[in-house]
Amino acid sequence: MLAYTFKRILQGIITVWFIATVTFIAMHAVPGDPLANERATTEQIRLNLEQRYGLDRPVSEQYLVFIGGILRGDFGISFTQENRRVNDIIRENFPVSATLGILAVTFAALGGILMGALTALFRNRLPDFVIMFLVILGISVPSFVVAALSQLVLVDINASLGFSLLPVAGWGTLRHMIVPSMVLGLGTMAYLTRLMRSSMLEITSSDFIRTARAKGLPPARIFLKHQLRNAILPVVTVLGPAIAAITTGGFVVELVFAIPGLGRYFVEAVQQLDYTVIMGTTVFYGAFLVSMVIVVDLLYGWIDPRVRLE
Amino acid sequence: MDESPVYRDPMSRHAVRQVLWLGAIATAGFLALMVALAWASSATGGGSLVGRAIDVETKTITRALAQEPPQLDSTRATDQVSLFVLGHIMEGLLRYDASNRLVPGVAERWDVRPDGATFWLRDDARWSDGRPVTAHDFAFAWRTILDPANASEYAFILYYLKNAEAINAGRMPPEALGVTAAGDLVLEVEFERPVAFFDKLVAFAVYFPVREDFYVSRDGRYGADTEDLLYNGPFMMTRWAHGAHVRLEKNPHYWNRDTVMLNVIDMPYVTSDTGAVVNLFKDGSIVSATLGAEQLDDAMKLRWDLGRYSDGSVFYLDFNFRPERLTSNLHLRKALQYVNDPGELVNKVIALPGYQPAVSLFPAWLTGVERSFRQEYPPLTISPDLEKARQHLELAKRELGVAELPPLVLLTGDAPIANKQAEYFQNLFSRALGIEIRIDKQIFKQRLEKMTSGDFDIVAAGWGPDFADPLTYGDLYASWNGNNRGKYNNPELDDQVRIAQNSVDPRTRMDAFGEIQRILIEDAVHLPNYERGNVYVQDPRLKGVVHRAVGTDPDYSQAYLIENP
């Protein structure tokens, strides 16, 4: 177990290095000048700027400086917010994205498992049809539509109530988090519902369930111990990547609900060619994703003893 | 999907009960987690307490911010949001009043001569730590801007000062700059060349003061957080949660504090999504919202009282004058000029209140010698004329030696209005002249790259003013100007730009701008499209907000609240 964990961590480090290098190359290959602005600068001002950011040095040297920075845990200074360190940006804004992400994933996982189990139990009956219709809706409607729509509905609810039931946007208290996390988790919940449904159906028709029924076990026990526990495995598998995807993919929700998450910095940095922020957030998210996958792999062994980790 | 047999027995009903139980437990767990996270996030201080839009009692207004201010070090700020915040928390030698006249700021009186200027500072101007604002603070700020190590993008706007350009290039030490503090309250400025609008320049944020001992004590973090700034303006920043919340409160040390009526400007929402901002306004959470085209119908339905103003920028199509480009041909440009109809573009295509058709590089708000520049030097109007356009097109084809013109590349940005504009011209040029336009839509940095390297025939461009003098536009097409991305090169125009730059006589300068305007139109150097407007809705209890083309916009320093509108 220990050797396995160690091996996975080593693999993870190599993966992160690979991600960093490819991003570095891609970023420099993208056309566009990180220092350019609508207002053209004079030769001299441009030269001064290049020196400040070390862009006057050859690319190979910039790469070494950057890798050295990562090893020291220092991502440098943002190009667009010139007196903020990328480390500070991540430290201040990632917790917001993470909070939103955890809530969204919890919402998605609980809802997905619950509704998936329900659809399986009521297969080809009304609850199944209704939920599956909603699932298809949840998967196909893009998040910016859901986000804008839910905000609009909130405004109307608040207006008709005459007081603010839930805030329309902003961040800070529990009341701010409810709607955005549900909007953010909706797509994943729909996906997990489908996954859970097919997995439940497969398990329900298997021999050991029939045996359990024949033995006369109470239905609740069959459901919990035999069906749910076995059916939940594929859901756990996708949960790790889903957490990473949700915490990194909150750009639209963060924009619409004015949430100070890292997702906005991530997307805006790419648009602005903010080299240090691109590299910092990519490496950070890369490491985050890799560690999530490792955690899920380890969890797997715990949930399903048949999986041998060694 | 249906590979398994169906069980419809009492067992599944029991199971359903079980599932519902599980659901209840899960919901309870979810709520518990939310409470825990909410508690954790408020414990780390990330919480933003959101009030309502207006509190007349405490004189507080709440509004949204389009983005996090990227740079509050006034020596390095360049963007609108930073300049908006800086305009409230800092004050320069002079400032603009509600009717856009220059009035005393830190300087009580001033004298601008062809070779230099003198500013007499008031003795009651204070920093937010209670110490006086002195002439040394201005001298230090200006030297810092020109120090090459500081790499200020706006350094060029100080090149009028003696030795400024040499210092910025590292050929002279910053101490050689032509600015000296003659005592604490007199600032002496020497010019490199005569400058007719220096009083307007010192009202600009880049000319704001910075106190040396404080700047040095922050060790490179000046302007990074609330405690890394000293304030000498009407407000001070009491809270700055990056990307989340900016809060300004009245500065008790400000010399002119009796004219400041608001106590708090709270900005707990940071988003560039206009839909979200309008929703916040509708909800009563913020005092004002800028509208986009999508929100306009809604606003009409709700019978909102809309405000509108010109933000000072002018937008146009620029041509590429590099010899290998077809657009370097005068007759081709003339043909396009004769079908250009800014009125149709603005009224039928953009269709947003506040936008005005552009007829010249010099927008309508600029002042000439006495009256508006537009009145004193009316531009030659070219009304659409299909006959003339086709004649020019034939001449162009003959000169270029082609029977049929190859498609022209129109480079444009990715904003909604840029899309509409590009599609309109694509349609117009093809319909009227049979010229095929290929739209090259690029995001910001990539568009700039292509503009700079000349990878276009036509580009949708625009210009926002730095200072309230026609020169902020007038030198754009000078052969040496880096913003002249089409590389237009005309010695006659260059001569006029030099006159406008070097003369201090208002009449001579305005004549030069008049000439520049004439050349631009006669030579079809660009096609004016629109002067950008801003449509907004504002809570009727808030009064005295000033909007302007140059300087702090919007300006809340004289704003006040009334109980019953």
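Residues numbered from 1 in each chain as written. Chains lettered and ligands numbered in written order. Predicted model: local features only at pLDDT ≥ 70, side-chain atom pairs only at ≥ 80, totals over all residues.

Turning next to the overall build of chain B. Across its full length, chain B holds 17 helices and 20 strands. For the C-alpha atoms alone, the extent of chain B along its principal axes is close to 95 × 75 × 50 Å. Buried residues in chain B amount to 47% of all 565 residues. For chain B, the share of sequence-separated contacts (at least 6 apart) that also reach a separation of at least 24 residues comes to 67%. (Helix = DSSP H or I, 4+ residues; strand = E, 2+ residues; numbered from the N terminus. Buried ≥ 20, exposed ≤ 12 C-beta atoms within 10 Å, placed from the backbone. Contact = placed C-beta atoms within 7 Å.)

The next point concerns the overall build of chain A. Across its full length, chain A carries 13 helices and 0 strands. In chain A, the order of α-helices and β-strands from amino to carboxyl end is α-α-α-α-α-α-α-α-α-α-α-α-α. Along the first, second and third principal axes, the C-alpha set of chain A runs to 85 × 60 × 30 Å. In chain A, which comprises 310 residues, the proportion classed as buried is 42%. Partitioning the contacts of chain A with sequence separation of at least 6, the portion at a separation of at least 24 is 75%.

Quick look at the pairing of strand E18 (residues 526-538) of chain B now. All names here are of chain B. Taken across its 13 residues, E18 has 11 buried, putting it largely inside the fold. Here 3 bridges tie strand E12 (residues 288-290) to E18, and the two strands are oriented antiparallel to one another. In the sheet register, Ala289 faces E18, and the bridge partner there is Val537. As paired elements, strand E13 (residues 306-319) and E18 share 10 bridges and run antiparallel to each other. Bridge pairing in E18 links Val314 to Glu531. Across 2 bridges, the pairing between strand E14 (residues 356-357) and E18 is antiparallel. Bridge pairing in E18 places Gln356 opposite Glu531. (Pairing = 2+ DSSP bridges.)

Counting 173 residues, the largest nonpolar core has B:Trp142 and B:Leu280 as its most contacted members. The residues contacting B:Trp142, other than those within four sequence positions of it, are B:Leu158, B:Leu161, B:Leu177 and B:Val179. (Core = buried A, V, L, I, M, F, W, Y, C linked by C-beta atoms within 7 Å.)

Another point: the confidence of the model for chain B. All names here are of chain B. This prediction gives chain B a mean pLDDT of 90; 94% of its residues lie at or above 70. Between residues 1-7, whose pLDDT stays under 50, and residues either more than four places distant or in other chains, the model counts 7 contacts. Confidence drops under a pLDDT of 50 for residues 43-51, and excluding neighbours within four residues, the segment shows 25 contacts in the predicted structure. For this predicted complex, the interface score ipTM comes out at 0.85, alongside a pTM of 0.87. (pLDDT = per-residue confidence, 0-100.)

Here the focus is the sheet that holds strand E8 (residues 186-190) of chain B. Residues and elements named next belong to chain B. Across the sheet, which stays open at both edges, the 4 strands sit in the order E5-E6-E8-E7 with antiparallel pairing between neighbours. The strands lining the two open edges of the sheet, one partner per strand, are strand E5 (107-112) and strand E7 (179-181). Across this sheet, the average inter-strand angle for adjacent strands is 15°, counted without regard to direction. Note: E7 against E8, 3 bridges, orientation antiparallel. Counted as the bridge partner of Ala181 is Leu187 from E8. Packed onto the sheet, helix H3 (residues 135-146) meets strand E6 (116-121), E7 and E8 and runs at close to 155° relative to E7. (Axes fitted to C-alpha atoms, helices over the stretch in contact; angles between N-to-C directions.)

Quick look at the packing of helix H4 (residues 86-121) of chain A against helix H13 (residues 275-303) of chain A now. Residues and elements named next belong to chain A. Interaxial distance between H4 and H13 falls to 9 Å at its minimum, and their mutual angle equals 50°. Here H4 lies oblique to H13, going by the angle between them. For H4 against H13, the interelement crossing comes out right-handed. Taking contact as the criterion, the partners of Val86, Ile89 and Ile90 in H4 are, on H13, Thr276, Val277, Gly280, Thr281 and Phe284. A per-class count over the contact of H4 with H13 returns 5 nonpolar, 3 polar and no charged. (Parallel < 35°, antiparallel > 145°, perpendicular 65-115°, else oblique. Left-handed = near helix turned anticlockwise from the far one by under 90°. Nonpolar A, V, L, I, M, F, W, Y, C, P; charged D, E, K, R; others polar.)

Turning our attention to the interface of chain B and chain A. The accessible area lost on association of the parts is a frequent measure of interface size. With 69 residues of chain B at the contact, the number on the chain A side is 64 residues. Listing elements by their share of the side of chain B that touches chain A, those giving two or more residues are helix H1 (10-43), strand E11 (264-270), helix H7 (274-282) and helix H14 (444-453) of chain B. Ranked by residues supplied to the side of chain B that touches chain A, first place goes to H1(B) with 18 residues. Residues that form the side of chain B that touches chain A fall into these classes: 34 nonpolar, 26 polar and 9 charged.

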